[in-house]
Amino acid sequence: MPRKQAAKFTVPYLQILAPDGKVDAKLDPKLPDDTLLKLYRWMRLARALDERMLKLQRQGRLGTFPPCTGQEAVSIPAAMLMRDGDWFVGAFRELGGRLVRGEPLTATLDYYNGWEEGNILPDKNLRILPTSVVIGCQIEHAAGLAYASRFKGTDEVTVAFIGDGGTSEGGFHEGLNMAGVWKAPLVTIIQNNQWAISIPRGAQTASETLAQKGIAYGMPVIQVDGNDPLAVWVAVAEAMDRARKGDGPTLIEAVTYRLMMHTTADDPTKYRTEDEEKEAWAREPLVRTRAYLESRDLWDEAREKALLDELKDQVDQAVAEFETPKDRAPDEPFRHVYGTPHPVIEEQRREFLANLKGGEGRG
Amino acid sequence: MAKLNMIQAVNLALAEAMTQDETVLVMGQDVAVDGGVFRATEGLLDRFGPERVIDTPLAESGIVGSAVGMALAGLKPVAEMQFSGFSYMMMGQFEAHVTRLRSRTHGQLTLPMVIRMPYGGGVRALEHHSESREVLYAHQPGARVVIPSGPRNARALLLAAIDDPDPVVFMEPKHSYRAFREEVPEERETLPIGKARVVQEGTDLTLVSWGAMMRPALKAAATVEKERGASIEIIDLLTIAPLDHAAIAASVSKTGRCVVVQEAPRSYGPSSEITAVINDKAFWHLEAPVKRITGYDVVTPYFGREKTYLPSAEVVARGIVETLDV
Ligand SMILES: Cc1ncc(C[n+]2csc(CCOP(=O)(O)OP(=O)(O)O)c2C)c(N)n1
Ligand SMILES: [Mg+2]
């Protein structure tokens, strides 16, 4: 018997807005003006906050954090497409998407300055899960959230993020496989920023694309230019439509670049060249988005300046609020170990407070 | 003799072991080109090449599981978990295979492998970067759990761990990585795994600790000795599992009083085991209850509150005084 082909797969690729701002007219989703203006504003806000956080960190006013500069075009369009009731499941490089979904700037600042309070949202119905520092686990949570949405008969969708490095973790594979088996309404977005700390994409997996990993779990996949917010918009919108209709999960690989250090504790000169970084800056998402807005007569230098001033005020205000001394109970962690008090924990809480009163504290 | 910090001492031990035995290899996330996020493996790639210094994909279970295979085949992998907080991704491999292959095959298959991981608080890091969970590994018979407290014993114990025919979990107190330097001898030096070290002899009270907590413990002992003229015997455990019962029992039988200092949450931690050993082996010598100065049974707080949660020299000193006064 001759050998036959058992199955055949392809991985589509989508780019709509090129780095120079030229748009593919046939593919252009022709988003309404106000949507585009909002999109650009969110991207600019995320960039402004990221840059400010780096300054604060360098001045010792903020702890270690992972800058998101250059990746604004991934999580922001995805978050803008989400509705009330949808679940946002981030890793740790989705600053923009979190802001879009309603996380206050001050929460981000608190979180990266060592306060659990930064995980508390103004409203728990925002359905933004806390940052997933442990890589991979969040995809399994996302599969469960998506299962629950379908179980309850809703058309809610879960949108989950993971890095290129994260695709090597078991959690990524187990979560996608579950979602595939369950036909769960899950949109998983890989932010392929080419690096996992010092490990380049090519050393992370021998797969030609990251998108193709979803094929193994029986779901539609697509690779998009992750610095192109229109391509991300279209890919996520299609995936969400399928999910809401009950047609199951999608895996999207967004090809982008981590323009800054891994975290503020990292030194990228150890493992990559400045040339590579320079080249990547030429493809970053904000410049092309602005060019596109200008081509649609929605933007000019005056508006740019006004926006930057306005966002500076917004960030200033958030930082001022963040830096206003708060009366935070030192024994707060004792209150949240269980839902009800336990005598052993209470006893230790009294001991802790007595040690604090001892004058010198425990530090 | 060179004055090294703990990171340099770990680096030295790895380089020495790799020079001496070409089956020793280092593997983990960012260990090769980057030299490790703490620089523990700096320079090893240049000296020993990519076949022996392996930048792995981001997969703890894959790292430890494949290290098991390598060790079964006669290599000696030293696998790095970037932070102990991410090591639980490999707990299935650890419990089901790392700790059991010797027993399962009555010694026919053995695992001469080391799993290194930085642990502990005090460095203002993000969530999962500050816990002290040595007991999770200590509770699983079949692997040894070693925790150095300074550059010199880190180097000597890591060499011993690599020599050891059984798997060793080598937990490095990251708070001590660059906190101080010590003379580390040029010549190869090892310390026996499984043996606690009497850092200082004394007659009135035994102070037991390990890892990063040795520093507040030593400071507290010095304060109380000065203020009270007490004579304190200090034990650095160095190995958490299997525990050196003899050293603890001998010391407490002599002094009759004991304070244990532990960074980890109190319940079910090593200090509980130490107290039980004293109960079993030195009870009739006790003149005061064994005192435990520990972390609390709460989820490790983020760094905004971390400082007040770590046992300090002042609190240890108070505990010593209280125990002396019974
Ligand atoms: C399970 C786990 N292992 C290791 C780490 C340490 N770590 C933090 S970020 C990172 C690299 C992540 O790379 P990638 O998934 O590509 O995300 P990126 O940082 O590029 O956004 C590593 C190894 C972790 N957070 N979680
Ligand atoms: Mg990455």
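Quantities reported herein were computed from a predicted structural model and do not represent experimental measurements.

Participant: When you look at the overall build of chain A in this model, what are you seeing that I'm missing?
Facilitator: Within chain A, the secondary structure is distributed over 13 helices and 8 strands. The C-alpha radius of gyration of chain A comes to 22 Å, within 12% of the 21 Å expected for a compact globule of 363 residues. For chain A, the residues scored as buried account for 56% of the 363 residues in total. Across chain A, the fraction of contacts at a sequence separation of at least 24, relative to all contacts at a separation of at least 6, is 76%. The average position of the 46 basic charges and that of the 55 acidic charges among the side chains of chain A differ by 3 Å.

Participant: I'm lost on the coordination of the magnesium ion (ligand 2) in this one. Help?
Facilitator: Coordination angles at a metal have ideal targets, namely 109.5 degrees for four tetrahedral donors and 90 or 180 degrees for six octahedral donors. Residue and element names in this part refer to chain A. Surrounding the magnesium ion (ligand 2) are the protein donor atoms Asp164 (OD), Asn193 (OD1) and Trp195 (O), at 2.0 to 2.1 Å. One chain supplies every donor to the magnesium ion (ligand 2), and in sequence these donors are spaced D-x28-N-x1-W. Separated by 31 residues along the polypeptide, Asp164 in the loop between strand 3 (158-163) and helix 6 (170-182) and Trp195 in strand 5 (residues 195-196) bring together distant segments of the chain. A single burial state applies to Asp164 and to Trp195, both of which are buried.

Participant: Hey, could you run me through the sheet that holds strand 3 (residues 53-55) of chain B in this one?
Facilitator: Pairing between sheet strands relies on hydrogen bonds along the backbone, with the strands arranged either parallel or antiparallel. Residue and element names in this part refer to chain B. Strand order in the open sheet made by the 7 strands is 3-2-4-5-7-6-12, with mixed pairing throughout. Two strands lie at the open edges of the sheet, namely strand 3 and strand 12 (239-241), each paired on one side alone. The sheet shows a mean angle of 20° between the axes of neighbouring strands, taken without regard to direction. Where strand 6 (residues 144-146) lies against strand 7 (residues 168-173), 3 bridges are found, and the strand directions are parallel. Bridge pairing links Val146 to Phe170 in strand 7. In the packing of helix 1 (residues 6-20) onto the sheet, contacts are made with strand 2 (24-28), strand 3, strand 4 (76-80), strand 5 (114-119) and strand 7, and the angle to strand 2 comes to roughly 135°.

Participant: Explanation requested: a nonpolar patch on the surface in the structure shown.
Facilitator: Residues and elements named next belong to chain A. Taken together, the side chains of Tyr147, Phe151, Met178, Val181 and Trp182 define a hydrophobic patch exposed on the protein surface, amounting to about 530 Å² of accessible area. Take the nonpolar patch: its biggest share by element is 3 residues, from helix 6. When you line up the elements, Val181 lands in helix 6.

Participant: Help me out: how do you make sense of the interface of chain B and chain A in this one?
Facilitator: Often, the extent of an interface is quoted as the loss of accessible area on bringing the components together. With 41 residues of chain B in contact, the opposing surface of chain A contributes 47 residues. When the area that chain B buries against chain A is broken down by residue, the three leading residues are Leu58(B), Tyr302(B) and Arg305(B), summing to 20%. Summed over the shared surface of chain B and chain A, the number is 4 salt bridges. Ionic pairing is found between Glu116(A) and Arg305(B), a salt bridge with its closest N-O pair at 3.4 Å. Here chain B is connected to chain A by 14 residue pairs in polar contact (both at pLDDT 80 or more).

Participant: I would appreciate a short explanation of the nonpolar core in the present structure.
Facilitator: Soluble globular proteins tend to bury their nonpolar side chains together. Residues Leu109(A), Val159(A), Ile189(A), Val224(A) and Ile252(A) are the most contacted members of the largest nonpolar core, which totals 74 residues. Counting residues in hydrophobic clusters, the runner-up holds 43 residues, among them Val98(B), Ala143(B), Leu243(B) and Val252(B).

Participant: So what exactly am I meant to see when it comes to the domain arrangement of chain B here?
Facilitator: Residues and elements named next belong to chain B. With domains assigned, chain B is organised as domain 1 (2-184) and domain 2 (197-324). With centres defined by C-alpha atoms, the gap from domain 1 to domain 2 works out at 26 Å. Listed by partner, the interface residues are 29 residues for domain 1 and 22 residues for domain 2. Buried surface at the junction of domain 1 and domain 2, summed over both partners, amounts to about 2,000 Å²; 56% is from carbon and sulfur atoms. On inspection of domain 1 and its partner domain 2, the count reaches 0 salt bridges. There are 9 residue pairs in polar contact (both at pLDDT 80 or more) connecting domain 1 and domain 2. Breaking the side of domain 1 that touches domain 2 down by element, the ones donating at least two residues are helix 6 (134-138), strand 6 and helix 7 (151-163). A breakdown of the residues in the side of domain 1 that touches domain 2 according to their chemical character gives 14 nonpolar, 9 polar and 6 charged.

Participant: Before we go on, may I ask you to explain the domain arrangement of chain A in this structure?
Facilitator: Looking at chain A, the domain boundaries give domain 1 (13-328) and domain 2 (335-363). Each of domain 1 of chain A and domain 2 of chain A was reduced to a C-alpha centroid, and the two centroids are 39 Å apart.

About the thresholds
Residues numbered from 1 in each chain as written. Chains lettered and ligands numbered in written order. Predicted model: local features only at pLDDT ≥ 70, side-chain atom pairs only at ≥ 80, totals over all residues. Heavy atoms only, no water. Helix = DSSP H or I, 4+ residues; strand = E, 2+ residues; numbered from the N terminus. Rg over C-alpha atoms; globule rule 2.2 N^0.38 Å. Buried < 20%, exposed > 50% of the residue type's maximum accessible area, 1.4 Å probe, protein only. Contact = heavy atoms within 4.5 Å. Lys, Arg positive; Asp, Glu negative; His and termini not counted. Charge placed at Lys NZ, Arg CZ, Asp CG, Glu CD. Donors = N, O, S within 2.8 Å, 3.2 Å for Na, K, Ca; no water. Pairing = 2+ DSSP bridges. Axes fitted to C-alpha atoms, helices over the stretch in contact; angles between N-to-C directions. Patch = residues over 30% accessible without salt bridge, like charges linked within 9 Å, V, L, I, M, F, W, Y side chains within 5 Å. Areas by Shrake-Rupley, 256 points an atom, 1.4 Å probe, with all protein chains shown as cover. Salt bridge = Lys/Arg side-chain N within 4 Å of Asp/Glu carboxyl O. Buried area = accessible area lost by both parts, 1.4 Å probe. Polar contact = N/O pair within 3.5 Å; in protein donor to acceptor, adjacent residues only side chain to side chain. Core = buried A, V, L, I, M, F, W, Y, C linked by side-chain atoms within 4.5 Å. Domains from an automatic or database assignment. Nonpolar A, V, L, I, M, F, W, Y, C, P; charged D, E, K, R; others polar.

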